[in-house]
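Per-entry structural report
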Amino acid sequence: GDMARKMVMPIVALFSLVCNGVITQKATARPFVQTIYNFSPPFWVFQVLTTRIAKDKDAMTHHYLSMFRLKIGHDNYALKLIAGWNVVFRSLQLVGLKYFNNIEK
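Throughout this description, residue numbers start from 1 for each chain and increase along the sequence as written. In keeping with the model being predicted, local features are shown solely for residues with a pLDDT of at least 70 and side-chain atom pairs are shown and tallied solely at 80 or more, while totals for entire chains, interfaces and linings include all residues. Side-chain numbers here rest on the full set of heavy atoms in the structure, without hydrogens or water.

**Thoughts on the overall build of the chain**
Within the chain, the regular secondary structure consists of five helices and zero strands. What you see in the chain, going N to C, is helices and strands ordered as α-α-α-α-α. Burial classes follow relative accessibility: with a 1.4 Å probe on protein chains only, a residue under 20% of its type's maximum area counts as buried, one over 50% as exposed, and anything between as partly exposed. Across the 105 residues of the chain, 18% fall into the buried class. Here the analysis covers contacts within the chain between residues at least 6 apart in sequence; of these, 43% occur between residues at least 24 apart. The way it works is that DSSP assigns letters per residue, a run of H or I at least four long becomes a helix, a run of E at least two long becomes a strand, and they are numbered from the N terminus. In what follows, residue pairs with any heavy atoms lying within 4.5 Å of each other are defined as contacts.

**What to know about the side chain of Thr-51**
Checked against the element boundaries, Thr-51 lands in helix α3 (residues 41-54). By relative accessible area, Thr-51 is classed as buried at 2%. Think of a polar contact as two N or O atoms within 3.5 Å of one another; within protein, one of them needs to be a possible hydrogen donor and the other a possible acceptor, and neighboring residues in sequence only count if both atoms come from side chains. A distance of 3.2 Å separates a polar atom in the side chain of Thr-51 from the backbone oxygen of Val-48. Leaving out residues up to four positions away in the same chain, Thr-51 has contacts with Leu-65, Leu-70, Lys-71 and Ile-72.

**Focus: the packing of α3 against helix α5 (residues 75-100)**
Their axes nearest at 10 Å, the elements α3 and α5 cross at an angle of 150°. One element, α3, and the other, α5, form an angle in the roughly antiparallel class. Pair α3 / α5 crosses with left-handed handedness. Contact with α3, carried on its side by Pro-41, Trp-44, Val-45, Val-48 and Arg-52, involves Asp-75, Tyr-77, Ala-78, Leu-81, Ile-82 and Trp-85 of α5 and no other residues of that element. Tallied by class, residues from the contact of α3 with α5 come to nine nonpolar, no polar and two charged. An axis is simply a line fitted to the C-alpha atoms; with a helix, the fit covers only the stretch in contact. Between two such axes, the angle follows the N-to-C directions and lies from 0 to 180 degrees. Throughout, the term roughly parallel applies to angles under 35 degrees, roughly antiparallel to angles over 145, roughly perpendicular to angles from 65 to 115, and oblique to all others. By convention, the crossing between two helices is left-handed when the near helix turns anticlockwise from the far helix through less than a right angle, and right-handed when the turn is clockwise. Amino acids outside the nonpolar list (Ala, Val, Leu, Ile, Met, Phe, Trp, Tyr, Cys, Pro) and the charged list (Asp, Glu, Lys, Arg) are all regarded as polar, and Gly is one of them.

**Quick look at the packing of aromatic side chains**
Pairing of aromatic rings covers Phe, Tyr and the six-membered ring of Trp, with a centre-to-centre limit of 6.5 Å; geometry is then stacked below 30 degrees between planes, edge-to-face above 60, and tilted otherwise. What the rule picks out here adds up to two aromatic pairs. Taking the centre distance of 5.0 Å and the plane angle of 15° together, the rings of Trp-85 and Phe-89 count as stacked. With Trp-85 and Phe-89 both in helix α5, this residue pair falls four residues apart, about one helical turn.

Encoded structure:
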């Protein structure tokens, strides 16, 4: 129980930092936290959806985009990032299943 909890806490902390980037605004985050946004799939999904909706809107909408530091035209980067995360986590899952999934012990 305790050992499993100690082993999983760094993974949960990393997941929370990387995958919950939409909770804090990039514009108000501290500089060292802003770099996490570059690798956060939910942030990029949020950015792509928001900028696609706001693409042909008025100046006020573009003011809000700049306020949140969202930029139009990063769809390809977002797609590559999300695909990369899927490859990394799927590979880690397969390694974990192969080497750590020994139910006979």
